[in-house]
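Below, each chain spelled out in residue letters.
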Amino acid sequence: MWARGRPYLALAEGRCRGRNGLTPMSPTRRAFLGSLGGLAAGYALAPALRAAESNGKPLGLALCGLGGYANGELSPALLETKNVKLVAAITGTRAKGEKLAKLHGFDPANIYSYDQWDKVAANKAIDIVYVVTPPGVHAQNVIDAFGAGKHVICEKPMATSVADCDAMIAAGNKAGKRLAIGYRLHFDPYHQELIRLAKTREFGPFMKMTSANGFTLRKHAWRIEKKLAGGGALLDMGVYSIQACCMAADANPVAVTAKELPKTQPDFFKEVEQAMEFRLEFANGAVADVWTGYDANRAEFRAEAAKGWFEGSKPVFSYRNLNISTSAKGKLDFGVFRQQQRHMDGVAEAFRNGTEVTCTGEVGRRDMVIVEGIYESIRTGKKVQLKYS
C-alpha cells in the first residue's frame, strides 16, 4: 500500500502547492556557487564517494515528495541540469510518480512508497534524495535517506527544531554522506551580488537591513498545521529574510527581539502565527527589522551602508524575474535562468567532486537557532541571546 504507515505525509503531499504561488515556465535547455559569510567554511567532507560519483557523469536523484514545488519547479529544472538527472520518485501517490517517469524517461520500477527505503538503498542509480515533503517530516525522511546510503538535499526550512537538525546532521555523518539545504538563492546571481558587496565592503559594512516577506493565505493548507509546518509564516516565508540579513551582515545575529501581531483570522490560524515582526542584532551593531506574514502580499529587502545600498522588491526572493538594484549599478539584470537548475547542478557537482557548498546542514541549523530564538522572544516578551553551539 502506498505511504503505508505515513498517511498524513501522503495527504500533505497532495495539498502542496508551489512556493510563492508562482507558475512554472516551460522547460528549455539553458545553462556558481555563492559564499555565505559568518559561517565556518570548512567542515569534514564525507568519506570517499562511490566511483560512479567521481567520473563526471550526472548523479542520479530521487525526489521524495511530489507536491506543487517538486512538480512545478524541480521537475522542469531537472530537464535542464547537467550534473544531476531524475531517476526515481518516492511518493504517496503512484500516479504522480508514473507521470514523472514518463516525462523524465526513468523506469516506473523506480517509484517507491515512503516505507520502501530498503529498495531505495538497493537502487545504485540513486545517488541523491531530494526531500520535498512538509517540514514536520523532513527529519524522518532525511534520516531514512541517509540510512539508505544516499546523499541528501532537504528543502527549507531544514526542520522544525534544532534537535531535529542535530539528528539529521548526525545521521549524515554516521552514513558518511553529505547534506545540503534547498537554499536556491545561494546560487542566484542577484543574491551572490549581495554576498559580494558584504564581503568586499565596497559600500562599507551594511549596518541597517529591513525586510518584509509574505503572502495572503486564505485556503486551508498544511502550512497552517503545526504538526506538518512547525510554525506559520516565519518558517515558510521569514526564513528568506533571515538568510538575506545574514548575507548582508556577513555574520550571524547575536540577539533577537520579536512580537506576534494580532490575528485577523483567528479561527483560520488556530495553530500557528499569522504574522510577526522581529529585530535581529549583530555583534558589530548592525540591525535588521523584519516582517513576515500570511495576511499581506509583500516582498521587500534593503541593506544600507555608509557608501551605498542594495534593494529589492516584488519580487526579491521569488523564483525568477527578480527586481533588485544597487546604488552603484542601478537595476541588475542577469538574464533568464532557473534558480533550481543552478542550485541542483551546483550541489551535485560538489557532492561528486568532494568540494564545498554554502547551503549546508549547519546553515539550516543556524536558521533554526534563530527561529527558535524568535519564538522564545514572543513567548517571554524579552530579548533572546542566540547560542549556536
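Small disclaimer: the values here were computed from a predicted structure and weren't measured. (Residues numbered from 1 in each chain as written. Predicted model: local features only at pLDDT ≥ 70, side-chain atom pairs only at ≥ 80, totals over all residues. Heavy atoms only, no water.)

A. The packing of aromatic side chains, seen in detail. Counted under the stated rule, the structure contains nine aromatic pairs. Taking 5.2 Å as the distance between ring centres and 65 degrees as the angle between the ring planes, the aromatic pair formed by F215 and Y294 counts as edge-to-face. On the criterion of sequence distance, the pair formed by F215 in the loop between β7 (208-214) and α8 (226-229) and Y294 in the loop between β10 (287-293) and β11 (298-305) is long-range, its members being 79 residues apart. Residues F268 and F269 carry aromatic rings whose centres are separated by 5.0 Å and whose planes lie at 90 degrees to one another, so their mutual orientation is edge-to-face. When its relative accessible area of 0% is taken as the criterion, F269 is described as buried. An aromatic cluster is defined as three or more aromatic residues linked by ring pairs; in this entry it consists of F215, F268, F269 and Y294. Positioned above the aromatic ring of W291, the side-chain terminus of R298 is 5.0 Å from the ring centre. Positioned above the aromatic ring of F337 is the side chain of R342, whose terminal nitrogen or guanidinium carbon lies 4.3 Å from the ring centre. (Phe/Tyr/Trp six-rings, centres within 6.5 Å; stacked < 30°, edge-to-face > 60°. Helix = DSSP H or I, 4+ residues; strand = E, 2+ residues; numbered from the N terminus. Buried < 20%, exposed > 50% of the residue type's maximum accessible area, 1.4 Å probe, protein only. Lys NZ or Arg CZ within 6 Å of the ring centre and 35° of its normal.)

B. Representation of the environment of A175 in the model. Take A175: it is sitting in helix α6 (residues 162-175). For A175, a relative accessible area of 31% gives the class partly exposed. Put simply, A175 and G147 are 28 residues apart on the chain and 6.8 Å apart in space, counted from C-alpha to C-alpha.

C. View of the pattern of salt bridges. Summed over the entire model, instances satisfying the criterion amount to 18 salt bridges. In the salt-bridge network here, residues are joined through shared partners; they are E73, E80, R320 and R338. (Salt bridge = Lys/Arg side-chain N within 4 Å of Asp/Glu carboxyl O.)

D. Inspection of the environment of W291 at higher detail. Take W291: it is sitting in strand β10. Residues W291 and G238, 53 residues apart in the sequence, show an inter-C-alpha distance of 7.5 Å. Every residue in contact with W291, bar those within four places of it in the chain, is listed here: S211, A212, N213, G214, L261, A275, M276, E277, A296 and R298. (Contact = heavy atoms within 4.5 Å.)

E. Geometry of the sheet that holds strand β1 (residues 59-64). The strand order across the open sheet built from six strands is β3-β2-β1-β4-β5-β6, with neighbouring strands paired in parallel fashion. Looking at strand neighbours, the two that pair on one side only are β3 (111-112) and β6 (179-181), the edges of this open sheet. The sheet contact formed by β1 and strand β4 (residues 128-131) spans four bridges and is parallel. Each residue of the ladder has a partner; that of C64, found in β4, is V131. Sitting on the sheet, helix α2 (residues 68-78) touches β1, β2 (84-90) and β4, and the angle it makes with β1 is about 170 degrees. (Pairing = 2+ DSSP bridges. Axes fitted to C-alpha atoms, helices over the stretch in contact; angles between N-to-C directions.)

F. The arrangement of the confidence of the model for the protein chain in detail. Per-residue confidence for the protein chain gives a mean pLDDT of 89, with 86% of residues at or over 70. Per-element confidence in the protein chain is highest for strand β9 (residues 275-281), whose mean pLDDT is 99, and lowest for helix α1 (residues 7-15), whose mean pLDDT is 48. Taken as a whole, residues 1-8 scores under 50 in pLDDT and shows 19 contacts with residues more than four places along the chain or in a different chain. A low-confidence stretch, residues 14-54 (pLDDT under 50), is modelled with 115 contacts involving residues beyond four sequence positions or located in other chains. (pLDDT = per-residue confidence, 0-100.)

G. Geometry of the packing of α2 against helix α10 (residues 339-353). Where α2 contacts α10, the two axes come as close as 8 Å, and the packing angle between them is 65 degrees. Here α2 is positioned roughly perpendicular relative to α10, judged by the angle of their axes. Regarding α2 and α10, the two cross each other, and that crossing is right-handed. Residue-level contacts link Y69, E73, L74, A77 and L78 of α2 to Q340, Q341 and M344 of α10. Among the residues forming the contact of α2 with α10, the class breakdown is five nonpolar, two polar and one charged. (Parallel < 35°, antiparallel > 145°, perpendicular 65-115°, else oblique. Left-handed = near helix turned anticlockwise from the far one by under 90°. Nonpolar A, V, L, I, M, F, W, Y, C, P; charged D, E, K, R; others polar.)

H. View of the nonpolar core. Residues L61, L63, V129, F206, M209, F278 and F301 are the most contacted members of the largest nonpolar core, which totals 108 residues. Excluding anything up to four places from it in sequence, F206 contacts L194, L197, A198, A248, A286, A303, E304, A305, G308, W309 and F310. (Core = buried A, V, L, I, M, F, W, Y, C linked by side-chain atoms within 4.5 Å.)

I. Main features of the sheet that holds strand β12 (residues 308-313). Strand order in the open sheet formed by nine strands is β14-β13-β12-β11-β7-β10-β9-β8-β15, with mixed pairing between adjacent strands. Two strands lie at the open edges of the sheet, namely β14 (330-331) and β15 (384-385), each paired on one side alone. By the bridge criterion, three bridges tie β12 to strand β13 (residues 324-326) in an arrangement that is antiparallel. Looking at the pairing, E311 lines up with S325 of β13. The strands that helix α9 (residues 233-249) touches are β7, β9, β10 and β11; relative to β7, the one it contacts most, it runs at about 155 degrees.

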